[in-house]
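A closer look at the structure
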Amino acid sequence: MNPVEDDRAHTRALVSGLAHRDDVLLLPVLLPAGAPAPSIHPLTVLLLAQLRQVTAERDAYRDWVTQDPAAPVDEQLRADVASDLARRDSP
């Protein structure tokens, strides 16, 4: 796999990790008994959405960084390794 394809594979893995998040953020709000429900400021909703996005991106990046690396399968790389081994073993 060449470096461009490798970068594309990593990008796809990161996007896939971001797309497959199902977590739901619950925010309990305690109110005194009999009190009217407070109005919710629109900025609060935006901040909660940003928190959700940042959390999803953090988890996706953590999954992407800690994934097992793919083994190289390139024929040229195998030939180079065999050549290096043969050179190292020769007197």
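In this report, we go over the structure that sits alongside the text.

**Some words on the packing of aromatic side chains**
Per the stated rule, a full pass over the model turns up one aromatic pair. Seen from their ring centres, Y61 and W64 are 5.6 Å apart, and the 55 degrees between their planes marks the pair as tilted. Linking Y61 with W64, this pair stays in helix α2 (residues 42–65), spanning three residues, or about one helical turn. For Y61, a relative accessible area of 48% puts it in the partly exposed group.

**Here we look at α2**
Working note: α-helix, 3.6 residues per turn, so residues spaced by three or four point in the same direction. End to end, α2 covers 35 Å across 24 residues, agreeing with the expected 34 Å (1.5 Å per residue, within 8%). Among the residues making up α2, those that are buried are A56, D59 and A60.

**As for the pattern of salt bridges**
Evaluation of the coordinates by the stated rule reveals two salt bridges. Between R58 and D59 there is a salt bridge, with the nearest N and O atoms lying 2.9 Å from each other. Accessibility expressed as a relative area gives 44% for R58, which makes it partly exposed. D59 is the partner of R62 in a salt bridge, and the nearest nitrogen-oxygen pair spans 3.8 Å. Highlighted residues: R62 and D59, both in helix α2, separated by three residues, approximately one helical turn. The class of R62 is partly exposed, set by a relative accessible area of 44%. On the basis of relative accessibility, which here comes to 14%, the residue D59 falls in the buried class.

**Description of a nonpolar patch on the surface**
On the surface, L43, L46 and L47 cluster together into a nonpolar patch covering about 310 Å² of accessible area. Along the chain, L47 falls in helix α2.

**Comments concerning the environment of T66**
The topology assignment puts T66 in the loop between α2 and α3 (75–89). Residue classification places T66 among the exposed positions, given a relative accessible area of 57%. Engagement of the side chain of T66 in a polar contact is seen with the backbone oxygen of D63, the distance being 3.5 Å.

Basis of the calculations
Residues numbered from 1 in each chain as written. Predicted model: local features only at pLDDT ≥ 70, side-chain atom pairs only at ≥ 80, totals over all residues. Heavy atoms only, no water. Phe/Tyr/Trp six-rings, centres within 6.5 Å; stacked < 30°, edge-to-face > 60°. Helix = DSSP H or I, 4+ residues; strand = E, 2+ residues; numbered from the N terminus. Buried < 20%, exposed > 50% of the residue type's maximum accessible area, 1.4 Å probe, protein only. Expected span 1.5 Å × (residues − 1). Salt bridge = Lys/Arg side-chain N within 4 Å of Asp/Glu carboxyl O. Patch = residues over 30% accessible without salt bridge, like charges linked within 9 Å, V, L, I, M, F, W, Y side chains within 5 Å. Areas by Shrake-Rupley, 256 points an atom, 1.4 Å probe, with all protein chains shown as cover. Polar contact = N/O pair within 3.5 Å; in protein donor to acceptor, adjacent residues only side chain to side chain.

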